[in-house]
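Close look at the chain arrangement
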Amino acid sequence: MNVTVKNLVKTYPSGNRRATDDISLTVEDGEFLVLVGPSGCGKTTLLRMVAGLETPDSGTVTIGGRDVTALPARERGLSMVFQSYAIFPHLKVRQNIGFGLTMRKVPRAEWDSRVRRAAELLDLGDYLDRYPAQLSGGQRQRVAVARAIAVDADVLLMDEPLSNLDALLRMQFRAELKKIVARLGTTTLYVTHDQAEAMSLGDRVAVLRDGRIDQLGTPMAVYSRPASQFVGGFLGAPPMNFFPATVSSGRLQVGDVSFPGGPSGWEDRKVLVGIRAEAIGVSADIPGTVEVAEPTGATTLLTVRWAGGELKVQTAAGFEGSEVGLSFPPAALRFFDPDTSLALH
Amino acid sequence: MTGRRWVIQLLCVLVSLFMAVPIYLITLAALSSRESLDRFPLPLLPTSLSGETMTTFLRSTGVVGGLINSITIGLSTVVLSLAIGLPAGYALARYAFRGKDAYQIGLLLTRALPIVVLSVPLGRTFLDLGLYDTTYGVTLLHTALALPTTILITSAIFLGVPPEQEEAAMIFGASPLVAFVRVVLPQALPGIAASALFTFVLSWNEVLGASILTLGRRTLPAQLLATLADSPLAFRFAGGLALVLPALIFIAIVRRYLLNMWGTTLR
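So, how was this worked out
Residues numbered from 1 in each chain as written. Chains lettered and ligands numbered in written order. Predicted model: local features only at pLDDT ≥ 70, side-chain atom pairs only at ≥ 80, totals over all residues. Heavy atoms only, no water. Domains from an automatic or database assignment. Contact = heavy atoms within 4.5 Å. Buried area = accessible area lost by both parts, 1.4 Å probe. Salt bridge = Lys/Arg side-chain N within 4 Å of Asp/Glu carboxyl O. Polar contact = N/O pair within 3.5 Å; in protein donor to acceptor, adjacent residues only side chain to side chain. Helix = DSSP H or I, 4+ residues; strand = E, 2+ residues; numbered from the N terminus. Nonpolar A, V, L, I, M, F, W, Y, C, P; charged D, E, K, R; others polar. Patch = residues over 30% accessible without salt bridge, like charges linked within 9 Å, V, L, I, M, F, W, Y side chains within 5 Å. Areas by Shrake-Rupley, 256 points an atom, 1.4 Å probe, with all protein chains shown as cover. Lys, Arg positive; Asp, Glu negative; His and termini not counted. Charge placed at Lys NZ, Arg CZ, Asp CG, Glu CD. Phe/Tyr/Trp six-rings, centres within 6.5 Å; stacked < 30°, edge-to-face > 60°. Buried < 20%, exposed > 50% of the residue type's maximum accessible area, 1.4 Å probe, protein only. Pairing = 2+ DSSP bridges. Axes fitted to C-alpha atoms, helices over the stretch in contact; angles between N-to-C directions. pLDDT = per-residue confidence, 0-100. Core = buried A, V, L, I, M, F, W, Y, C linked by side-chain atoms within 4.5 Å.

**Let's talk about the domain arrangement of chain B**
Residue and element names in this part refer to chain B. According to the domain assignment, chain B consists of domain 1 (1-50) and domain 2 (59-262). A C-alpha centroid distance of 30 Å is found between domain 1 and domain 2. The partner domain 2 presents eight residues to the seven residues of domain 1 that form the contact. For the pair domain 1 and domain 2, the summed buried surface comes to about 700 Å²; carbon and sulfur atoms form 87% of the total. Summed over the shared surface of domain 1 and domain 2, the number is zero salt bridges. Summed over the shared surface of domain 1 and domain 2, the number is zero residue pairs in polar contact (both at pLDDT 80 or more). When contributions to the side of domain 1 that touches domain 2 are tallied by element, the ones reaching two or more residues are α1 (2-30) and α2 (34-38). Per-element accounting of the side of domain 1 that touches domain 2 gives the leading share, five residues, to α1. Class assignment for the residues of the side of domain 1 that touches domain 2 results in five nonpolar, one polar and one charged.

**Structural notes on the interface of chain B and chain A**
With 20 residues of chain B at the contact, the number on the chain A side is 23 residues. Counting the surface lost from both chain B and chain A, the interface buries some 1,900 Å², and carbon and sulfur atoms represent 71% of this. Area buried by chain B at its contact with chain A is led by B:Glu167, B:Ile171 and B:Phe172, which between them contribute 41% of it. With a closest N to O distance of 2.7 Å, B:Glu167 and A:Arg48 form a salt bridge. Inspection of the region where chain B meets chain A yields seven residue pairs in polar contact (both at pLDDT 80 or more). For the side of chain B that touches chain A, the secondary-structure elements that each account for two or more residues are α8 (163-171) and α9 (176-205) of chain B. Looking at which element gives the most residues to the side of chain B that touches chain A, the answer is α8(B), with seven residues. Residue composition of the side of chain B that touches chain A, by class: 10 nonpolar, six polar and four charged.

**So, a negative patch on the surface**
Residues A:Glu28, A:Asp29, A:Asp152 and A:Asp154 make up a contiguous surface patch of negative charge. Structurally, the position occupied by A:Asp154 is in the loop between α5 (137-150) and β7 (155-159).

**Things to note about the packing of aromatic side chains**
Each aromatic ring pair is described using two quantities: the centre-to-centre distance and the angle formed by the ring planes. Residues and elements named next belong to chain A. For the coordinates displayed, the defined rule picks out 17 aromatic pairs over all chains. Where Phe243 meets Phe259, the ring centres are 6.5 Å apart and the plane angle is 70°; that geometry is what we call edge-to-face. Within this pair, whereas Phe243 is found in strand β11 (residues 241-248), its partner Phe259 is found in strand β13 (residues 257-260), the two being separated by 16 residues in sequence. Here Phe243 and Phe259 have matching classes, each one buried. One aromatic cluster is present, built from ring pairs that chain together Phe243, Phe259, Trp306 and Phe328.

**A few points about the sheet that holds β7(A)**
Residues and elements named next belong to chain A. Across the sheet, six strands lie side by side as β6-β7-β8-β3-β9-β10; this open sheet has mixed pairing. The open sheet has two edge strands with one neighbour each: β6 (78-81) and β10 (212-217). Geometrically, the sheet is characterised by an average inter-axis angle of 20° between neighbouring strands, direction not taken into account. Where strand β3 (residues 32-36) meets strand β9 (residues 204-209), four bridges bridge the pair, whose relative direction is parallel. In the sheet register, Leu33 faces β9, and the bridge partner there is Arg204.

**Here we look at the sheet that holds strand β4 (residues 58-63) of chain A**
Residue and element names in this part refer to chain A. Strand order in this open sheet of four strands is β2-β1-β4-β5, and the pairing throughout is antiparallel. Two strands lie at the open edges of the sheet, namely β2 (20-27) and β5 (66-67), each paired on one side alone. Where β4 lies against β5, two bridges are found, and the strand directions are antiparallel. Counterpart to Thr62 in the pairing with β5 is Asp67. Across the sheet, helix α1 (residues 43-51) lies against β1 (3-10), β2 and β4, angled at about 120° from β1, the strand it touches most.

**What to know about the confidence of the model for chain B**
Mean pLDDT for chain B: 85, with 95% of residues reaching 70 or above. Note on residues 261-267 of chain B: pLDDT under 50 across the span, and 12 contacts to partners over four residues away in sequence or across chains.

**Side note on the nonpolar core**
Generally speaking, soluble globular proteins have nonpolar side chains that are buried together. With 85 residues, the main nonpolar core has A:Leu35, A:Ile97, A:Leu157, A:Val207 and B:Ile171 as its most contacted residues. Ranked by residue count, the leading element in this core is α5(A), at seven residues. Setting aside residues up to four positions removed in sequence, A:Leu35 forms contacts with A:Leu25, A:Lys43, A:Leu46, A:Leu189, A:Tyr190, A:Val191, A:Thr192, A:Ala206 and A:Leu208. Grouped together as the second largest cluster of nonpolar side chains are 31 residues, B:Met54, B:Leu82, B:Ala93 and B:Phe200 included.

Dropping the structure here:
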């Protein structure tokens, strides 16, 4: 089932600006859509309005063609994983996973088999008779996910489900989550502030800022063609490099250096140039000084000073030296309006 | 580490003795024959047990009635103060509303006035309403006295249950009421038990208001206070036992919920 939100506006009584500012968005049937953005960008508010835990000031939420804006959470036929897990400490793992089924008055035999199936999918088979207090953080998170998938809902909502796990566990569970959700084929709306998580999980990614969607697209599209300076700087590690330049007859002038490239119809004007760290060449002619070289194993990350300021450059492992000759392949250059910081096309 | 453990255990024993020894002595005296009380040295072991003092005490006028009144009022006060206090505590814990701080301070204000000051106008009002000398009247007074603590204790307990758990319950198909009953209430039981305990003991111990607001339907403490001063020594011990025993039984019943507070139940 697809989820459509239309012109959603929400202002919290305490805040004077809108938490979500006229957001419209469609999650297609079976799609895994990630809402990503810095804290306070409205992504959680948006998710909670879809869940029915917040009431929008205006706008509508539609699930599978049914307008659910006025319906309470329990009648929306969805399922959710919370950031704090929100599993019930007074119930055993078994009852936790089966909570939604209990509420739906599922017959005993089916209840058992569905709880068992969800538990097995998340490797919780041996822990069914324990209390949450006897589990580790990672296992509690698994209980929360098992509870969410046991009900077999049409739509699955996840609010930063991995953010309370340590780094290694997060990486492992991320892949596992992707596998499970792909297998179930449930329409999923996933909120995170972690850009790596967004890139790796989403079929599509919506980057939010100040209650608005800055860009919506596949992870690679958003990564390689950011719609604004904000998106380029937010997505990817290291973030996109930006430097100002002047366009003159098909070339870009930065200080006393010039190289080919530049947007058409922007003659003799200032432009903001963006380029990804891995796109920059290091064996050409634009001079730069290596300030820091950080080997990361597979690659080496350089911090280079040149005429345009500071650059992050990702180059092959084993790089050595203190001087580089930079090159900026014209196809990898992205241009932004310095006033609005929006991409130029 | 073990040294500190010893100190703590010793303190526990001392505190327990401090509580238990007087109760033991009263019980002993109440259940011994009247002659043995005058013996010197006083026997500290139950050597001459006799139900005589207790039976005479229970047969004397007003005692059984007072006991029934006290239990009725105590339990009604617990029920009524929970019925009003739980929703109030929940509201304080979950919602931000205008005047919340003032409300919380206002709650404590009821306890700022001495009962004497309250009782006389209350007696006057209850006379007009026909509530004077009824268990209802005393129940109302005790509920009013107990509510501030009930509300503050339960709101603290509700604060301990994260709202996300209720939200999760509602996502998975529970109405707000069902979410409260199945998710919040089980976790809040220790706190509710504690506040019930507190309320019952408060009602049981409250003498002044109960004395002023009743004439014939005295609670046991009020009844005993009026008569024991003029009674023989043995009777006073019997009265003491009758005062302590029901409260002890109530505590014993509520205790297992209270202990949950340190078990696995609360996170």
